[in-house]
Amino acid sequence: MDPISSSTTLSSSPPRAQHDRPRINTGNWGTWLLGEHWKQRVRILRCLGGGLVYLLICLLMNWVARDGLLPERPVMAISGAIGLTVLLFYGVLRSNLNLRFRDPSLTMPQMVMAVSYAAWVYTFGGPARDIMLFILVPLLLYGFRFLRPLQGRMLSAYAIFVIGSAMVWLLYAHPRTYDMAQELLRFMLLAVIGVTLSQFARNDGEQASGFLHLLMHLVFSSDPKQRLRIQRSMVAAVNFVICTMVLAYAVSVGAVNATAGWVLGVYMMGNCFLFYGLLRSGINLRFADPSLTLPQIMVAITCVVGAYAILEESRGATLMLLVLVLVFGLFNLTASQARSAAFFALVAQGLTMLAMNTLEPGRYPVRQEMIHFLFACTTLPTISLLAGQLSDLRARLRARKDELAVAVERIQTLATRDELTGLFNRRHMVETLALQKKFSDRGGRVFCIGILDIDHFKRVNDTHGHGAGDEVLRNFAHAVQRQLRESDVIARWGGEEFLLMLTECRVGQADAMMDRVREVVNSTLMCPEHAELHIRFSAGLAEQRFDEEVADTIERADQALYRAKRAGRNRTVLAS
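Here we summarise the structure given alongside this text. (Residues numbered from 1 in each chain as written. Predicted model: local features only at pLDDT ≥ 70, side-chain atom pairs only at ≥ 80, totals over all residues. Heavy atoms only, no water.)

**Regarding helix α16 (residues 457-464)**
Right, on to step 1. Taken as a whole, α16 has its buried residues at Phe-457, Val-460 and Asn-461. Within α16, the buried residues cover an arc of 95° as seen down the axis, which keeps them to one side. Counted as exposed and oriented over 90 degrees from the buried face of α16: Lys-458, Arg-459, Asp-462 and Thr-463.
Right, on to step 2. At its buried positions, α16 is contacted by β1 (447-454) and α17 (466-482). (Buried < 20%, exposed > 50% of the residue type's maximum accessible area, 1.4 Å probe, protein only. Helix = DSSP H or I, 4+ residues; strand = E, 2+ residues; numbered from the N terminus. Arc of directions from axis to C-beta. Contact = heavy atoms within 4.5 Å.)

Now the structure itself:
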């Protein structure tokens, strides 16, 4: 939401930030009509500009209605509804109620109303249908320019739905006037336009919020993997819907037996709802393949084979759908699943051809069925082979990806961790200190830096060997780390030196913490194999100053450590 307040007033010389735009003095009438803030003015002007376009369209429709080309009463009704809608949006914008929403421009609601009115005009029939389809393209383009990607796709889906509903209403109300084939052609054109335009919307990985978030959760669930599976299933469902519409047209013109057409149509739509229910309810997660790719392909094959059996003269076109079905699972099926699907398709297609030739040899001649079957025998095994190769390729890429992930994790560990102690190394600690310095300067909080050095560590290596020295370093690092807070950081600074970063801590508090650490270290056996070995350490502490570089603070802590060494070791010295 834009931080615009309705109480903002103009003055003769208002103070202005560099990023604020100047307010244009349009006089009392302009202020009363558009408001005072420039952002609200832009939104209101955009709304009034749309209202002017609506006015021109309404005048044109009323003028055409007088000549009898459009129904007069519906034109008057939609003109009044458009006028009320424009006044409503203007009132919401002018009263600043729009600032309560995430999109203060209310672009999505305005676009939904525009598409709804376009569908209303489509129901007038006649030339208005083609005009609305022509206007819908720039209308959607305008919406995609100002809408977020998800909103643009939803607007495209809504446009396809409402215009499709208007087409169905026309066919139902005037079955003798409008031909189903023409309306189906218009619907397919609209679907292609809507889907194509939605694909050009940028994909910025946005997160839906508000009503869209709730709607996406209800339809697709909140699980990203489940959402992807449902979306894939819906893509297949769209194809089923289009095929069902084509089948309905074939039934309406008598090209297909009505009973067989209804049975196949109900079977296709029923399976769409069935698979959506399985995916949305999470029942699919009980199976080895949660996407249910193979079952969906099997069902789709039965639909295609059923269409082949009832479409008669145009049945050859269904063979291309059979290929499309197998291509749908090309990137998800394993090699064995692809072979199973292709074998099932060949058997089902072959048995159907044999049965139809046996029952009606005149309409299903042997020669033509043999040609169709040979086409299936050529294409389906080829697709099965490609699916198997892609499956093997995916397996190899997945294995390489896992190996690469392990290697990257190993490289990151080596780049940030000390191999012996497991603590952060010097380079990563420098980056952490620089980041902490920025946070502290921004928030006004201090932190301390301490350098710890194990006393007489060279004697440990010379007397007990480097193996014992390494064990001492590991145990010392772990003992100190266990005494620190979660926000504190310890790193191996070099050799037997360790650096501490104590956040939100004054130097007196850091000194008290060092006393507790010293008690633990002095009482802990650092090398169990050499019980006589007692480890002590010296430390220097420095408090980070606001006007001081981190390197200078480390230098002061280092000088304090040297003073602790010279003073007899096993003690902490505070830097001046």
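**Observations concerning the environment of Arg-148**
Right, on to step 1. By the element assignment, Arg-148 lies in the loop between α5 (128-146) and α6 (149-173).
Right, on to step 2. Exposure remark for Arg-148: the relative accessible area of 19% places this residue in the buried category.
Right, on to step 3. Distance in space between the C-alpha atoms of Arg-148 and Ala-560 is 58 Å, their sequence separation being 412 residues.

**Remarks on the environment of Gln-182**
Right, on to step 1. Secondary-structure assignment places Gln-182 in helix α7 (residues 180-199).
Right, on to step 2. Sequence spacing of Gln-182 and Glu-529 is 347 residues, and the spatial spacing of their C-alpha atoms is 92 Å.

**Quick word on the pairing of β1**
Right, on to step 1. Taking burial as the measure, the eight residues of β1 include eight buried ones, the bulk of the element.
Right, on to step 2. Across the two faces of β1 the burial is the same, with Phe-447, Ile-449, Ile-451 and Asp-453 and Cys-448, Gly-450, Leu-452 and Ile-454 all buried.
Right, on to step 3. Bridge count for β1 against strand β3 (residues 497-503) is seven bridges, and the pairing is antiparallel. Bridge assignment links Leu-452 to a residue of β3, and that residue is Phe-498.
Right, on to step 4. Pairing of β1 with strand β4 (residues 537-543) involves seven bridges; the strand directions are antiparallel. Looking across to β4, one finds that Ile-454 is bridged to Phe-537. (Pairing = 2+ DSSP bridges.)

**Some words on the pattern of salt bridges**
Right, on to step 1. Taken as a whole and judged by the stated rule, the model has 10 salt bridges.
Right, on to step 2. Its salt-bridge partner being Glu-360, residue Arg-363 comes within 2.8 Å of it at the nearest N-O pair.
Right, on to step 3. You can call Arg-363 partly exposed: its relative accessible area is 41%.
Right, on to step 4. Salt-bridge contacts for Asp-488 lead to Arg-485; the nearest nitrogen and oxygen are separated by 2.8 Å.
Right, on to step 5. Taking the relative accessible area as the measure of exposure, Arg-485 reaches 35% and is therefore partly exposed.
Right, on to step 6. One network of salt bridges, in which partners are shared, links Asp-453, Asp-455 and Lys-565. (Salt bridge = Lys/Arg side-chain N within 4 Å of Asp/Glu carboxyl O.)

**Focus on the packing of helix α2 (residues 38-66) against helix α3 (residues 72-94)**
Right, on to step 1. Remark: α2 packs on α3, axes separated minimally by 10 Å, with the N-to-C direction vectors making an angle of 170°. The angle between α2 and α3 falls in the class roughly antiparallel. Counted together, Gln-40, Arg-43, Ile-44, Cys-47, Leu-48, Gly-51, Tyr-54, Cys-58, Met-61, Asn-62 and Ala-65 of α2 and Glu-72, Val-75, Met-76, Ile-78, Ser-79, Ile-82, Val-86, Phe-89, Tyr-90, Leu-93 and Arg-94 of α3 form the full contact between these two elements.
Right, on to step 2. In terms of residue class, the contact of α2 with α3 is made up of 15 nonpolar, four polar and three charged. (Axes fitted to C-alpha atoms, helices over the stretch in contact; angles between N-to-C directions. Parallel < 35°, antiparallel > 145°, perpendicular 65-115°, else oblique. Nonpolar A, V, L, I, M, F, W, Y, C, P; charged D, E, K, R; others polar.)

**Observations concerning the nonpolar core**
Most often, soluble globular proteins have nonpolar side chains that are buried together.
Right, on to step 1. Counting 45 residues, the largest nonpolar core has Leu-247, Ile-297, Ile-301, Leu-326 and Leu-380 as its most contacted members.
Right, on to step 2. At the level of secondary structure, the elements contributing two or more residues to this core comprise α8 (210-220), α9 (224-252), α10 (258-281), α11 (293-310), α12 (318-328), α13 (335-359) and α14 (366-416).
Right, on to step 3. Ranked by residue count, the leading element in this core is α11, at 11 residues.
Right, on to step 4. In terms of nonpolar packing, the next biggest core, distinct from the first, is built from 39 residues, Met-61, Leu-140, Ala-159 and Met-167 among them. (Core = buried A, V, L, I, M, F, W, Y, C linked by side-chain atoms within 4.5 Å.)

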